[in-house]
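Here is what each chain is made of, one letter per residue.
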Amino acid sequence: MAERIIGRAAIWLVMGWLSVGSVSAHSMDQVNAEIQSSPSSWEATVWIDAWAAYPEDGAKVPPGQPGDPNSAGKEWLATLDEADFTAMRERLSVFMKESLVLTLNGERLDFSMAFPGFESVPPELELNRDGNAVVQIELQGDYPAGDGGALELVWKDPEDQPLTIDVVIPREGKPPARRVMRIAPHDDPIGLLEIDPVAGPKKSEEVALFGWIVAGFEHVLPLGLDHILFILGLFFLKPRIRPLLSQSLAFTLAHSITLALVVLGVFTINPRFVESMIALSIAYVGIENLWVRELKPWRVFFVFALGLLHGMGFASVMQELELPSDALLVPLVGFNVGVEVAQVAVLAIAFAVWLILAAIVRKQVRADGPDAVDQAVQKRMRPVAVVASAAIALVGLYWTFERAFGWG
(Lines give C-alpha, C1' and ligand atoms only; values in the text may rest on other atoms or scores of the structure.)
Protein backbone atom coordinates (compact mmCIF):
# COMPACT_ATOMS: atom_id res chain seq x y z
CA MET A 1 0.00 0.00 0.00
CA ALA A 2 2.82 2.39 0.85
CA GLU A 3 4.39 1.79 -2.56
CA ARG A 4 1.15 2.69 -4.32
CA ILE A 5 0.73 5.83 -2.22
CA ILE A 6 4.23 7.15 -2.87
CA GLY A 7 4.07 6.14 -6.52
CA ARG A 8 0.93 8.13 -7.16
CA ALA A 9 2.29 11.06 -5.17
CA ALA A 10 5.51 11.07 -7.20
CA ILE A 11 3.60 11.08 -10.49
CA TRP A 12 1.48 14.02 -9.38
CA LEU A 13 4.59 15.86 -8.17
CA VAL A 14 6.28 15.39 -11.54
CA MET A 15 3.21 16.66 -13.37
CA GLY A 16 2.98 19.63 -11.04
CA TRP A 17 6.62 20.61 -11.43
CA LEU A 18 6.51 20.24 -15.19
CA SER A 19 3.38 22.37 -15.37
CA VAL A 20 4.91 25.38 -13.65
CA GLY A 21 7.23 26.05 -16.58
CA SER A 22 10.56 27.67 -15.97
CA VAL A 23 11.94 27.08 -12.49
CA SER A 24 15.04 28.80 -11.25
CA ALA A 25 16.05 28.71 -7.62
CA HIS A 26 18.64 31.41 -8.16
CA SER A 27 16.76 34.65 -8.06
CA MET A 28 15.98 37.02 -5.24
CA ASP A 29 13.53 39.69 -6.36
CA GLN A 30 13.94 42.72 -4.16
CA VAL A 31 14.69 46.42 -3.95
CA ASN A 32 18.26 47.62 -3.40
CA ALA A 33 19.18 50.81 -1.57
CA GLU A 34 22.04 52.78 -0.04
CA ILE A 35 21.67 55.29 2.80
CA GLN A 36 24.05 57.74 4.44
CA SER A 37 23.61 60.48 6.99
CA SER A 38 25.05 63.70 8.37
CA PRO A 39 24.24 65.15 11.82
CA SER A 40 21.26 67.06 10.39
CA SER A 41 20.04 65.20 7.29
CA TRP A 42 20.04 61.92 5.39
CA GLU A 43 19.98 60.83 1.78
CA ALA A 44 19.40 57.50 0.10
CA THR A 45 19.48 55.97 -3.36
CA VAL A 46 17.01 53.23 -4.29
CA TRP A 47 17.18 50.96 -7.34
CA ILE A 48 14.06 49.20 -8.63
CA ASP A 49 13.59 47.15 -11.82
CA ALA A 50 11.70 49.26 -14.35
CA TRP A 51 9.33 46.42 -15.25
CA ALA A 52 8.05 46.44 -11.65
CA ALA A 53 6.97 50.06 -12.09
CA TYR A 54 4.92 49.42 -15.22
CA PRO A 55 1.19 48.74 -14.56
CA GLU A 56 0.40 45.02 -14.63
CA ASP A 57 -2.68 45.61 -16.78
CA GLY A 58 -0.86 47.91 -19.23
CA ALA A 59 -0.70 47.21 -22.96
CA LYS A 60 3.12 47.10 -23.04
CA VAL A 61 3.95 44.65 -20.25
CA PRO A 62 7.40 43.09 -20.89
CA PRO A 63 7.26 39.65 -22.55
CA GLY A 64 7.91 36.44 -20.62
CA GLN A 65 8.16 36.18 -16.87
CA PRO A 66 9.00 39.20 -14.68
CA GLY A 67 12.76 39.58 -14.48
CA ASP A 68 13.61 37.30 -17.43
CA PRO A 69 17.00 38.35 -18.87
CA ASN A 70 16.73 41.11 -21.49
CA SER A 71 12.93 41.10 -21.31
CA ALA A 72 12.72 44.70 -20.06
CA GLY A 73 15.82 46.25 -21.57
CA LYS A 74 16.45 48.85 -24.26
CA GLU A 75 14.07 47.28 -26.79
CA TRP A 76 11.20 47.33 -24.29
CA LEU A 77 11.98 50.91 -23.25
CA ALA A 78 11.81 51.97 -26.90
CA THR A 79 8.16 50.85 -27.04
CA LEU A 80 7.13 53.19 -24.19
CA ASP A 81 5.95 56.77 -24.63
CA GLU A 82 5.89 59.81 -22.36
CA ALA A 83 2.54 58.83 -20.84
CA ASP A 84 3.95 55.42 -19.88
CA PHE A 85 6.97 56.96 -18.18
CA THR A 86 4.78 59.45 -16.32
CA ALA A 87 2.61 56.61 -15.05
CA MET A 88 5.69 54.65 -13.96
CA ARG A 89 7.08 57.64 -12.08
CA GLU A 90 3.79 58.27 -10.30
CA ARG A 91 3.49 54.59 -9.44
CA LEU A 92 7.00 54.55 -7.95
CA SER A 93 6.34 57.73 -5.97
CA VAL A 94 3.31 56.17 -4.31
CA PHE A 95 5.20 52.93 -3.73
CA MET A 96 8.10 54.64 -1.96
CA LYS A 97 5.85 56.80 0.23
CA GLU A 98 3.85 53.77 1.34
CA SER A 99 6.64 51.19 1.59
CA LEU A 100 9.59 53.04 3.12
CA VAL A 101 8.95 54.32 6.62
CA LEU A 102 11.98 56.03 8.17
CA THR A 103 11.76 57.23 11.76
CA LEU A 104 13.96 59.10 14.25
CA ASN A 105 13.12 58.20 17.84
CA GLY A 106 9.80 56.78 16.63
CA GLU A 107 8.76 59.92 14.73
CA ARG A 108 8.26 59.44 11.00
CA LEU A 109 10.54 61.45 8.73
CA ASP A 110 9.32 63.06 5.52
CA PHE A 111 11.47 63.05 2.40
CA SER A 112 11.66 64.38 -1.13
CA MET A 113 12.17 62.26 -4.23
CA ALA A 114 14.02 62.75 -7.50
CA PHE A 115 14.26 60.49 -10.54
CA PRO A 116 17.55 61.30 -12.35
CA GLY A 117 16.88 58.89 -15.20
CA PHE A 118 13.54 60.54 -16.02
CA GLU A 119 14.99 63.99 -16.52
CA SER A 120 15.45 63.37 -20.24
CA VAL A 121 12.93 62.20 -22.84
CA PRO A 122 13.11 59.33 -23.40
CA PRO A 123 14.52 58.46 -19.95
CA GLU A 124 18.11 57.24 -19.69
CA LEU A 125 17.98 54.19 -17.43
CA GLU A 126 20.84 51.92 -16.49
CA LEU A 127 20.73 48.18 -17.19
CA ASN A 128 21.39 45.50 -14.58
CA ARG A 129 23.37 42.25 -15.01
CA ASP A 130 20.39 40.64 -16.74
CA GLY A 131 20.08 43.43 -19.32
CA ASN A 132 16.92 44.87 -17.76
CA ALA A 133 16.33 48.57 -17.09
CA VAL A 134 16.63 49.86 -13.53
CA VAL A 135 15.04 53.03 -12.17
CA GLN A 136 17.17 55.07 -9.76
CA ILE A 137 15.35 57.10 -7.10
CA GLU A 138 17.10 59.72 -4.97
CA LEU A 139 15.60 60.38 -1.52
CA GLN A 140 16.52 63.23 0.81
CA GLY A 141 15.26 64.33 4.20
CA ASP A 142 16.17 66.51 7.19
CA TYR A 143 16.09 65.69 10.89
CA PRO A 144 14.19 67.96 13.27
CA ALA A 145 16.58 70.64 14.52
CA GLY A 146 18.70 69.39 17.41
CA ASP A 147 17.13 65.93 17.47
CA GLY A 148 19.12 62.72 17.66
CA GLY A 149 18.56 59.08 18.53
CA ALA A 150 17.80 55.86 16.70
CA LEU A 151 17.30 56.08 12.93
CA GLU A 152 15.02 53.12 12.16
CA LEU A 153 13.38 51.68 9.07
CA VAL A 154 10.17 49.77 8.49
CA TRP A 155 9.79 48.17 5.06
CA LYS A 156 6.19 47.57 3.91
CA ASP A 157 6.41 46.20 0.39
CA PRO A 158 2.86 45.09 -0.59
CA GLU A 159 4.35 42.26 -2.69
CA ASP A 160 6.34 40.98 0.33
CA GLN A 161 9.66 41.50 -1.44
CA PRO A 162 12.64 42.20 0.85
CA LEU A 163 14.85 45.27 0.85
CA THR A 164 18.64 45.06 0.72
CA ILE A 165 20.13 48.26 2.07
CA ASP A 166 23.78 49.33 2.24
CA VAL A 167 24.21 51.52 5.33
CA VAL A 168 27.22 53.84 4.94
CA ILE A 169 28.81 54.69 8.30
CA PRO A 170 31.25 57.64 8.29
CA ARG A 171 34.51 57.29 10.21
CA GLU A 172 36.77 60.22 11.07
CA GLY A 173 40.04 60.03 9.18
CA LYS A 174 39.12 56.71 7.57
CA PRO A 175 37.06 55.51 4.61
CA PRO A 176 33.42 54.98 5.58
CA ALA A 177 32.39 51.55 6.83
CA ARG A 178 29.54 49.71 5.17
CA ARG A 179 26.91 47.45 6.61
CA VAL A 180 24.62 45.51 4.28
CA MET A 181 21.27 44.55 5.76
CA ARG A 182 18.46 42.47 4.30
CA ILE A 183 15.11 43.63 5.64
CA ALA A 184 11.98 41.53 5.19
CA PRO A 185 8.60 43.29 5.00
CA HIS A 186 7.13 43.58 8.49
CA ASP A 187 5.88 46.14 11.00
CA ASP A 188 8.87 46.05 13.38
CA PRO A 189 11.45 48.84 12.98
CA ILE A 190 15.04 47.89 12.15
CA GLY A 191 17.84 50.09 13.51
CA LEU A 192 20.09 51.59 10.82
CA LEU A 193 22.14 54.27 12.62
CA GLU A 194 22.40 56.18 15.88
CA ILE A 195 22.20 59.89 15.12
CA ASP A 196 24.08 62.39 17.28
CA PRO A 197 23.11 65.98 16.29
CA VAL A 198 26.68 67.12 17.07
CA ALA A 199 29.04 64.20 16.43
CA GLY A 200 27.02 62.69 13.58
CA PRO A 201 25.79 59.18 12.80
CA LYS A 202 27.17 56.06 14.46
CA LYS A 203 26.68 52.35 13.89
CA SER A 204 23.46 50.90 15.26
CA GLU A 205 23.58 47.81 17.46
CA GLU A 206 20.94 46.10 15.31
CA VAL A 207 22.06 42.58 14.33
CA ALA A 208 22.04 42.17 10.53
CA LEU A 209 23.05 38.50 10.48
CA PHE A 210 19.57 37.09 11.08
CA GLY A 211 18.12 38.66 7.93
CA TRP A 212 20.74 36.93 5.79
CA ILE A 213 20.12 33.60 7.55
CA VAL A 214 16.44 33.96 6.62
CA ALA A 215 17.44 34.79 3.03
CA GLY A 216 19.56 31.63 2.77
CA PHE A 217 16.83 29.48 4.30
CA GLU A 218 14.13 30.85 1.99
CA HIS A 219 16.39 30.32 -1.00
CA VAL A 220 16.03 26.58 -0.38
CA LEU A 221 12.70 26.38 1.47
CA PRO A 222 10.32 27.06 -0.15
CA LEU A 223 11.88 28.68 -3.25
CA GLY A 224 14.67 26.28 -4.18
CA LEU A 225 12.89 23.36 -5.83
CA ASP A 226 16.06 22.27 -7.63
CA HIS A 227 18.10 22.18 -4.42
CA ILE A 228 15.32 20.35 -2.61
CA LEU A 229 15.25 17.67 -5.31
CA PHE A 230 19.04 17.30 -5.23
CA ILE A 231 19.02 16.80 -1.45
CA LEU A 232 16.20 14.27 -1.77
CA GLY A 233 18.24 12.51 -4.46
CA LEU A 234 21.02 12.06 -1.91
CA PHE A 235 18.47 10.86 0.64
CA PHE A 236 16.90 8.14 -1.51
CA LEU A 237 20.18 6.37 -2.26
CA LYS A 238 20.28 5.07 1.30
CA PRO A 239 17.91 6.68 3.84
CA ARG A 240 20.34 6.19 6.74
CA ILE A 241 22.25 8.68 8.87
CA ARG A 242 25.78 7.49 8.07
CA PRO A 243 25.67 7.63 4.23
CA LEU A 244 23.73 10.90 4.36
CA LEU A 245 26.25 12.44 6.76
CA SER A 246 29.24 11.84 4.45
CA GLN A 247 27.38 13.10 1.37
CA SER A 248 25.92 16.13 3.14
CA LEU A 249 29.28 17.16 4.59
CA ALA A 250 30.93 16.89 1.17
CA PHE A 251 28.14 18.90 -0.46
CA THR A 252 28.18 21.57 2.26
CA LEU A 253 31.95 22.04 2.18
CA ALA A 254 31.99 22.26 -1.61
CA HIS A 255 29.19 24.77 -2.09
CA SER A 256 30.56 26.93 0.73
CA ILE A 257 33.88 27.17 -1.13
CA THR A 258 32.52 28.25 -4.50
CA LEU A 259 29.88 30.51 -2.95
CA ALA A 260 32.65 32.51 -1.27
CA LEU A 261 35.04 32.48 -4.24
CA VAL A 262 32.48 33.68 -6.78
CA VAL A 263 31.03 36.39 -4.52
CA LEU A 264 34.54 37.62 -3.69
CA GLY A 265 35.23 37.91 -7.43
CA VAL A 266 37.98 35.29 -7.61
CA PHE A 267 36.37 33.97 -10.80
CA THR A 268 33.22 34.58 -12.82
CA ILE A 269 30.50 32.19 -13.98
CA ASN A 270 28.08 31.80 -16.85
CA PRO A 271 24.68 31.69 -15.09
CA ARG A 272 22.91 29.80 -17.89
CA PHE A 273 25.60 27.11 -18.00
CA VAL A 274 25.60 26.75 -14.20
CA GLU A 275 21.80 26.52 -13.99
CA SER A 276 21.74 23.88 -16.73
CA MET A 277 24.45 21.83 -15.05
CA ILE A 278 22.67 22.04 -11.70
CA ALA A 279 19.57 20.59 -13.34
CA LEU A 280 21.70 17.86 -14.92
CA SER A 281 23.19 17.02 -11.51
CA ILE A 282 19.65 16.51 -10.18
CA ALA A 283 18.93 14.10 -13.02
CA TYR A 284 22.21 12.28 -12.38
CA VAL A 285 21.62 11.52 -8.70
CA GLY A 286 18.08 10.38 -9.49
CA ILE A 287 19.22 8.07 -12.30
CA GLU A 288 22.14 6.65 -10.31
CA ASN A 289 19.81 5.76 -7.44
CA LEU A 290 17.99 3.37 -9.80
CA TRP A 291 20.89 0.89 -9.96
CA VAL A 292 23.21 1.79 -7.05
CA ARG A 293 22.08 0.54 -3.64
CA GLU A 294 25.12 1.20 -1.48
CA LEU A 295 27.15 4.36 -1.01
CA LYS A 296 30.38 3.99 -2.99
CA PRO A 297 33.51 6.01 -2.04
CA TRP A 298 33.61 7.69 -5.43
CA ARG A 299 30.03 8.95 -4.98
CA VAL A 300 31.14 11.16 -2.09
CA PHE A 301 33.82 12.77 -4.28
CA PHE A 302 31.30 13.23 -7.07
CA VAL A 303 28.82 14.85 -4.68
CA PHE A 304 31.65 17.19 -3.64
CA ALA A 305 32.12 18.17 -7.30
CA LEU A 306 28.39 18.74 -7.68
CA GLY A 307 28.46 20.83 -4.52
CA LEU A 308 31.01 23.12 -6.15
CA LEU A 309 28.52 23.59 -8.96
CA HIS A 310 25.59 24.32 -6.65
CA GLY A 311 27.73 26.85 -4.77
CA MET A 312 28.10 28.79 -8.01
CA GLY A 313 24.32 28.81 -8.28
CA PHE A 314 23.97 30.16 -4.75
CA ALA A 315 26.60 32.78 -5.57
CA SER A 316 24.65 34.07 -8.57
CA VAL A 317 22.01 35.31 -6.11
CA MET A 318 24.53 37.23 -4.06
CA GLN A 319 26.08 38.72 -7.20
CA GLU A 320 22.73 40.10 -8.32
CA LEU A 321 22.67 42.22 -5.16
CA GLU A 322 25.96 43.94 -6.15
CA LEU A 323 27.09 44.04 -2.52
CA PRO A 324 30.07 46.30 -1.65
CA SER A 325 33.31 44.32 -1.40
CA ASP A 326 34.07 45.63 2.10
CA ALA A 327 30.76 44.42 3.55
CA LEU A 328 30.53 40.80 2.38
CA LEU A 329 31.34 38.84 5.54
CA VAL A 330 27.97 39.05 7.30
CA PRO A 331 25.89 38.35 4.13
CA LEU A 332 28.14 35.41 3.18
CA VAL A 333 28.09 33.80 6.62
CA GLY A 334 24.39 34.41 7.20
CA PHE A 335 23.28 33.21 3.77
CA ASN A 336 25.40 30.06 4.05
CA VAL A 337 24.07 29.27 7.53
CA GLY A 338 20.51 29.71 6.27
CA VAL A 339 21.14 27.30 3.38
CA GLU A 340 22.53 24.68 5.78
CA VAL A 341 19.58 25.00 8.15
CA ALA A 342 17.19 24.59 5.22
CA GLN A 343 19.03 21.48 4.01
CA VAL A 344 18.75 19.94 7.48
CA ALA A 345 15.05 20.79 7.48
CA VAL A 346 14.54 19.06 4.10
CA LEU A 347 16.30 15.91 5.36
CA ALA A 348 14.33 15.97 8.62
CA ILE A 349 11.04 16.14 6.73
CA ALA A 350 12.18 13.36 4.38
CA PHE A 351 13.15 11.17 7.33
CA ALA A 352 9.81 11.79 9.04
CA VAL A 353 7.82 10.79 5.94
CA TRP A 354 10.07 7.78 5.34
CA LEU A 355 9.68 6.51 8.91
CA ILE A 356 5.90 6.89 8.74
CA LEU A 357 5.75 4.87 5.51
CA ALA A 358 8.14 2.27 6.95
CA ALA A 359 5.92 1.95 10.03
CA ILE A 360 2.90 1.32 7.79
CA VAL A 361 4.81 -1.35 5.88
CA ARG A 362 6.13 -2.93 9.10
CA LYS A 363 2.59 -3.54 10.32
CA GLN A 364 1.89 -5.54 7.14
CA VAL A 365 5.04 -7.68 7.39
CA ARG A 366 4.88 -11.19 8.79
CA ALA A 367 8.29 -12.64 9.45
CA ASP A 368 10.18 -14.49 12.18
CA GLY A 369 12.64 -12.39 14.13
CA PRO A 370 13.51 -8.69 14.06
CA ASP A 371 16.24 -9.11 11.43
CA ALA A 372 13.84 -10.82 9.06
CA VAL A 373 11.28 -8.08 9.65
CA ASP A 374 13.86 -5.37 8.91
CA GLN A 375 14.92 -7.08 5.69
CA ALA A 376 11.32 -7.46 4.59
CA VAL A 377 10.61 -3.78 5.30
CA GLN A 378 13.69 -2.69 3.34
CA LYS A 379 12.67 -4.86 0.42
CA ARG A 380 9.17 -3.39 0.32
CA MET A 381 10.45 0.17 0.74
CA ARG A 382 12.93 -0.16 -2.13
CA PRO A 383 10.24 0.57 -4.78
CA VAL A 384 9.43 3.77 -2.89
CA ALA A 385 13.00 5.00 -3.37
CA VAL A 386 13.01 3.84 -7.00
CA VAL A 387 9.79 5.65 -7.90
CA ALA A 388 10.86 8.84 -6.09
CA SER A 389 14.32 8.76 -7.70
CA ALA A 390 12.80 8.24 -11.15
CA ALA A 391 10.56 11.26 -10.57
CA ILE A 392 13.57 13.35 -9.50
CA ALA A 393 15.51 12.22 -12.59
CA LEU A 394 12.64 13.08 -14.93
CA VAL A 395 12.23 16.59 -13.50
CA GLY A 396 15.99 17.14 -13.60
CA LEU A 397 16.18 16.16 -17.27
CA TYR A 398 13.28 18.43 -18.14
CA TRP A 399 14.91 21.39 -16.38
CA THR A 400 18.24 20.62 -18.09
CA PHE A 401 16.77 20.99 -21.58
CA GLU A 402 14.58 23.90 -20.52
CA ARG A 403 17.49 25.90 -19.12
CA ALA A 404 20.05 24.93 -21.75
CA PHE A 405 17.87 25.43 -24.82
CA GLY A 406 15.11 27.66 -23.53
CA TRP A 407 12.23 25.36 -24.38
CA GLY A 408 9.39 24.15 -22.26
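Because the structure is predicted, anything quoted here is derived from the model rather than measured. (Residues numbered from 1 in each chain as written. Predicted model: local features only at pLDDT ≥ 70, side-chain atom pairs only at ≥ 80, totals over all residues. Heavy atoms only, no water.)

Draft legend 1. How the structure looks around the pairing of strand β11 (residues 190–196). The buried fraction of β11 amounts to five of the seven residues, a majority that puts the element mostly inside the structure. Note: β11 against strand β12 (residues 200–203), four bridges, orientation antiparallel. In the sheet register, Ile195 faces β12, and the bridge partner there is Pro201. Here β11 hands over to β12 after three residues, the two strands then running antiparallel side by side. (Buried < 20%, exposed > 50% of the residue type's maximum accessible area, 1.4 Å probe, protein only. Helix = DSSP H or I, 4+ residues; strand = E, 2+ residues; numbered from the N terminus. Pairing = 2+ DSSP bridges.)

Draft legend 2. Expanded view of the nonpolar core. Grouped together as the largest cluster of nonpolar side chains are 55 residues, with contacts concentrated most on Leu232, Phe235, Phe236, Leu259, Phe335 and Met381. Those elements giving two or more residues to this core turn out to be α5 (209–220), α6 (225–237), α7 (241–263), α8 (271–288), α9 (297–320), α10 (329–364) and α11 (370–405). Ignoring any residue separated from it by four or fewer positions in sequence, one finds Phe236 in contact with Asn289, Trp354, Ala385, Ala388, Ser389 and Ile392. Ranked by size, the runner-up nonpolar core spans 46 residues in total, among them Val31, Ile35, Ala44 and Phe95. (Core = buried A, V, L, I, M, F, W, Y, C linked by side-chain atoms within 4.5 Å. Contact = heavy atoms within 4.5 Å.)

Draft legend 3. Structural detail: the pattern of salt bridges. Per the stated rule, a full pass over the model turns up nine salt bridges. One salt bridge in this structure joins Asp226 and Arg403, with 3.3 Å as the shortest N-O distance. With Asp226 in helix α6 and Arg403 in helix α11, the pair connects residues that are 177 residues apart, well separated along the chain. For Arg403, a relative accessible area of 11% puts it in the buried group. Within the structure, one salt-bridge network assembled from shared partners comprises Glu34, Asp166 and Arg178. (Salt bridge = Lys/Arg side-chain N within 4 Å of Asp/Glu carboxyl O.)

Draft legend 4. Expanded view of empty space enclosed by the protein. Going through the model one piece at a time under the given rule, you end up with two cavities of 30 Å³ or more. As a volume, the largest cavity reaches approximately 50 Å³. Around the largest cavity sit Ala33, Ile35, Ala44, Leu100, Leu102, Leu139, Leu153, Leu163 and Ile165, which together line it. Every element with two or more residues in the lining of the largest cavity is listed here: β1 (31–37), β3 (100–104) and β9 (163–171). Classifying every residue of the lining of the largest cavity gives nine nonpolar, no polar and no charged. Roughly 30 Å³ of internal volume is contained in the second largest cavity. Considering the residues around the second largest cavity, the lining is formed by Ile231, Leu234, Ser248, Phe251, Gln343 and Leu347. (1 Å grid on protein atoms, 1.4 Å probe; cavity = no way out; pocket = protein on both sides within 12 Å on 5 of 7 lines; lining within 4 Å. Points joined across faces, edges and corners; volume = space filled by probe spheres on them. Nonpolar A, V, L, I, M, F, W, Y, C, P; charged D, E, K, R; others polar.)

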